[in-house]
Amino acid sequence: MSSTPTSRPRVLSGIQPTADSFHLGNYLGALRQWVALQEDFETFYFIADLHSITVEQDPKVLRERTLVSVAQLVAAGVDPSRSTVFVQSQVPAHTQAGWVLQCLTGFGEARRMTQFKDKSAKGGEGASSVGLFTYPILQAADILLYRPQYVPVGEDQRQHLELTRDLAQRFNHRYKKTFRVPEPYILESTAKIYDLQIPEKQMSKSIGGQGCVWVLDEPDVLRKKFRSAVTDSDTAIRFDRETKPGVSNLLSIHSALSGEKVEALEGAFEGRGYGDLKSEVADVVVEALTHLREGVRELLGDRTELERILREGSERAGSVAEATVRDVYDRVGFLPATR
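Starting afresh in each chain, residues are numbered from 1 along the sequence in its written order. It should be noted that, the model being predicted, local features are given only for residues of pLDDT at least 70 and side-chain atom pairs only at 80 or more, the latter also being counted only at that level, while totals for whole chains, interfaces and linings use all residues. Values reported for side chains reflect all heavy atoms of the structure, with hydrogen atoms and water molecules removed beforehand.

The name that an unreviewed UniProt entry assigns to the protein is Tryptophan--tRNA ligase, with the source organism given as Nocardioides currus. UniProt positions are given in the numbering used here, feature names are shortened, and annotations may be inferred rather than shown by experiment. The record held by UniProt for the protein lists under Catalytic activity (unreviewed entry) the comment "tRNA(Trp) + L-tryptophan + ATP = L-tryptophyl-tRNA(Trp) + AMP + diphosphate + H(+)". The UniProt entry for the protein carries the following comment under Subunit (unreviewed entry): "Homodimer."

### Focus on the pattern of salt bridges
Any Lys or Arg side-chain nitrogen located within 4 Å of an Asp or Glu carboxyl oxygen qualifies as a salt bridge. Per the stated rule, a full pass over the model turns up 21 salt bridges. With its nearest N and O atoms 2.7 Å apart, the salt bridge here joins Arg 170 to Glu 109. Taken together, the residues Arg 170 in helix 8 (residues 158-174) and Glu 109 in helix 5 (residues 107-111) connect sequence positions 61 residues apart. Between Arg 293 and Glu 218 there is a salt bridge, and its shortest N-O distance comes to 3.7 Å. Placement of Arg 293 in helix 12 (residues 274-300) and of Glu 218 in the loop between strand 5 (183-186) and helix 9 (219-227) is noted, with a sequence separation of 75 residues between them. What you see here is one network of salt bridges that share partners, running through Asp 232, Asp 234, Arg 238 and Lys 244. Elements are defined by DSSP. Helices are runs of H or I of four residues or more, strands are runs of E of two residues or more, and each kind is numbered from the N terminus.

### With respect to the packing of aromatic side chains
Working definition: a ring pair exists when centres of Phe, Tyr or Trp rings (six-membered ring for Trp) sit within 6.5 Å. Plane angles under 30 degrees give stacked, over 60 give edge-to-face, the rest tilted. Using the criterion set out here, one finds 11 aromatic pairs in the structure. Ring geometry for Trp 34 and Tyr 45: centres 4.5 Å apart, planes at 5°, overall stacked. Here Trp 34, found in helix 1 (residues 24-37), pairs with Tyr 45, found in strand 2 (residues 42-47); they are 11 residues apart in sequence, far enough to count as distant. Using a 1.4 Å probe on the protein chains alone, a residue whose accessible area is under 20% of its type maximum counts as buried, one over 50% counts as exposed, and one in between counts as partly exposed. Relative accessible area serves as the criterion here: at 2%, Trp 34 is assigned to the buried category. Chaining the aromatic ring pairs together yields one cluster made of Phe 44, Phe 46, Phe 86 and Tyr 146. In this analysis the charged atom, NZ for Lys or CZ for Arg, is taken to sit over a ring once it is within 6 Å of the ring centre and within 35 degrees of the ring normal. The positively charged end of Arg 241 is found above the aromatic ring belonging to Tyr 194, 3.7 Å away from the centroid.

### As for the packing of helix 9 against helix 12
Close contact between helix 9 and helix 12 brings their axes to 9 Å; oriented N to C, the two are set at 150°. Classified by the angle between their axes, helix 9 and helix 12 sit roughly antiparallel to one another. Handedness of the crossing formed by helix 9 with helix 12: right-handed. For the pair helix 9 and helix 12, the contacting residues are Pro 219, Leu 222, Arg 223, Phe 226 and Arg 227 in the first and Lys 278, Val 281, Ala 282, Asp 283, Val 285, Val 286, Leu 289 and Arg 293 in the second. Its residues assigned to classes, the contact of helix 9 with helix 12 comprises 8 nonpolar, no polar and 5 charged. Working convention: axes come from line fits to C-alpha atoms, limited for helices to the stretch in contact. Angles between N-to-C directions cover 0 to 180 degrees. We call two directions roughly parallel when the angle between them is under 35 degrees, roughly antiparallel when it is over 145, roughly perpendicular when it lies between 65 and 115, and oblique otherwise. In a left-handed crossing the near helix is turned counterclockwise from the far helix by less than a right angle, and in a right-handed crossing that turn is clockwise. Any two residues whose heavy atoms approach within 4.5 Å at even a single point are treated as in contact. Three residue categories are used. Nonpolar comprises Ala, Val, Leu, Ile, Met, Phe, Trp, Tyr, Cys and Pro, charged comprises Asp, Glu, Lys and Arg, and polar comprises the others, including Gly.

### Observations concerning the domain arrangement of the protein
For interface size, the figure often reported is the accessible area lost on association. Domain limits in this description derive from either an automatic procedure or a database domain assignment. Annotation of the protein at the domain level lists domain 1 (10-190 + 303-332) and domain 2 (219-297). In this structure, domain 1 and domain 2 have C-alpha centres spaced 32 Å apart. Contacts between the two partners involve 8 residues from domain 1 and, on the opposite side, 9 residues from domain 2. Buried area between domain 1 and domain 2, both sides added, is near 720 Å², and the carbon and sulfur share of it is 80%. Buried surface area refers to the total accessible area, computed with a probe of radius 1.4 Å, that the two partners give up upon joining, counted for both partners together. Counting the surface domain 1 buries against domain 2, the share from its top three residues, Leu 24, Tyr 27 and Ala 75, is 56%.

### Remarks on the UniProt feature "binding site: L-tryptophan" (unreviewed entry) in the protein
In the UniProt entry, the feature "binding site: L-tryptophan" (unreviewed entry) is given for Asp 142. Residue position: Asp 142 is located in helix 7 (residues 130-144). For Asp 142, a relative accessible area of 1% corresponds to the buried category. Pairing of N or O atoms within 3.5 Å defines a polar contact, subject to two protein rules: one partner must be a possible hydrogen donor and the other a possible acceptor, and residues neighboring in sequence count only if both atoms are side-chain atoms. Engagement of the side chain of Asp 142 in a polar contact is seen with the side chain of His 51, the distance being 2.7 Å.

The following block contains the structure:
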């Protein structure tokens, strides 16, 4: 992969390999937009496996999920010849920069991160790992290493990006201007995708079950999930998040994948039943995901190609990140490495 500098603004984003497949919300909310960003930006996309071990993981499962995640990115349309695709743990600069930023972060500042509160709530703070506590700081390092102009964010990541911006400004003020202070890139408005069984909650791997649509689900499995999707006792097919969350979710999914406006779909389904809606949405989802699923299967059958993609990606990412770490180490007063 060429390391020739580009005049295009740089964008960076990552995703964790914490499930056997990405779900439909990941696909619509992130992956499709990552593909589109390749047109106008210099894009860096990584699998955040270091973040995955903040909770207990089976090593064999983590390795496989990491490869499957890479395959899903590529099959979804992320082009390794245009985007730098890499695995976080294969670029040691992430943890090196992470330690420096930890030493700039106040304990109270880290403790206020809402995702730590949410994720530690189940087992209690005492049972949570220090890694879970500090991972927003590692996330800041992930970003700042590449000096991106923009970071795609949703509402749940705004607080973490603000921490990243604060740490960049703090380092620049205390030492010397080193980091670009990244701007949020507000992703093109996409409908939130909700759980098919609990349509009041966003689709999530933590909920799982029959309400979560995995992009690698086989067609028969997808159709079964949509047949059993929760709707309501009314018979009208109309968009109303408050009183008809299940029907509204199905209309949103159809619209996001077919490109048809929700208002047009409401008209098309006027006088028809929920069975017709569920069946048609299932068909749209199956059609949209079949190419991706087949592409993943093909890539996983050629591990050599996946390894080549990751080798080239880690080399490109490493050359950028290591240059930043050299600057960081120099400015905090570390001696240069001797050869």
